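Architecture at a glance
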Amino acid sequence: SPDSPQGLHVLGARYVLQAEVARGSATSIYRAIDRQSGRTVALRVFNQRIQADPRFAIRFRQRMLAIAGVFHENLVAVMDYGMLDGNYFIAMEWISGVDLRTYLVEHGPLSTGLATWIALKVCIALDTVHRSGLDHRGIKPQNVLLTGSGVIKVSDVGLNGLYSESGLSRTNVMVEGIGFMSPGQGRGEDVGPRLYIYMGG
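Each residue is numbered by its place in its chain's sequence as written, counting from 1. Owing to the predicted nature of the model, reporting of local features is limited to residues with pLDDT of at least 70; listing and counting of side-chain atom pairs is limited to 80 or more, with chain, interface and lining totals taken over all residues. Based on all heavy atoms of the structure, the side-chain values leave hydrogens and waters out of the count.

The pairing criterion for strands is at least two bridges between them, as found by DSSP. Labels follow the DSSP assignment, with helices taken as runs of H or I lasting at least four residues and strands as runs of E lasting at least two, numbered in each case from the N terminus. Taken in spatial order, the six strands of this open sheet run β1-β2-β3-β4-β6-β5, and their pairing is antiparallel. Lying at the two open borders of the sheet, with one neighbouring strand each, are β1 (10-11) and β5 (78-84). On the sheet, helix α2 (residues 56-67) packs against β4 (40-46), β5 and β6 (87-93) and is oriented at approximately 15° with respect to β6. Should any heavy atoms of two residues lie within 4.5 Å, those residues are considered in contact. Axis definition: a line fit to C-alpha positions, over the contact stretch in the case of helices; interaxial angles, taken between N-to-C directions, run 0 to 180 degrees.

Structure representation (structure tokens):
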């Protein structure tokens, strides 16, 4: 699309972009090398359409200050964030593994034991998020990652709220995860821990 960050190869002389691994309505995600640390990172780069909202810069900084301070084994860690070369970005730890949606497509339904174990780890991660005064707003199989070493990681903490507050339509934000949304969230009620005690279809 014309407003996506196509053609990027290096961001801020620090991040070397190797491959685009995902693209959504608000961001593109790249596998990249952080020249400063030598690490592989997942680099989320916001497109120009969402950045055009003059309120985005304030909300981005406020939300990222809160998100970047939350660490847990079962949460994808934020390594860096800001603006480089006119692009807002978030650098996150690179997870070698597969998301739960892909796993289910490839392997079919989970056993009761595995489903319970994954649900427990997701709940522990969300408890950490809620205790930090944040919310997720986008729990779905695509945001539950299974690493090669057997660790469960929850990604995209709080980012749906950032998108919806920044001019991206509510429909665009919600449509992909609507099957996993609680009825209360669908009615526009305040998001909180009680709305996550829900299992969609």
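Further remarks concern the pairing of strand β2 (residues 15-23). Regular strands show a simple pattern: their side chains alternate between the two faces of the sheet. Summarising the sheet, β1 and β2 pair through two bridges and their orientation is antiparallel. Bridging from a neighbouring strand, Leu11 pairs with Tyr15 of β2. Here β2 pairs with strand β3 (residues 27-34) via seven bridges, running antiparallel. Bridge assignment links Val16 to a residue of β3, and that residue is Ile33. Turn length for the β2-β3 hairpin, with the two strands adjacent in sequence and antiparallel, is three residues.

Let us now look at the pattern of salt bridges. Pairing between side chains of opposite charge can happen when their charged atoms approach one another. Salt bridge, as used here: a side-chain nitrogen of Lys or Arg that lies within 4 Å of a carboxyl oxygen of Asp or Glu. This structure, assessed with the given rule, holds seven salt bridges. Residue Arg23 is joined to Glu20 by a salt bridge in which the shortest nitrogen-to-oxygen separation is 3.0 Å. Ionic pairing is found between Arg55 and Asp53, a salt bridge with its closest N-O pair at 3.0 Å. Exposed residues in this analysis have more than 50% of their type's maximum accessible area, buried residues have under 20%, and partly exposed residues fall in between, with area computed by a 1.4 Å probe over protein chains only. With relative accessibility at 46%, the residue Arg55 sits in the partly exposed group. Linked through salt bridges whose partners overlap, the residues forming this network are Arg14, Asp34 and Asp80.

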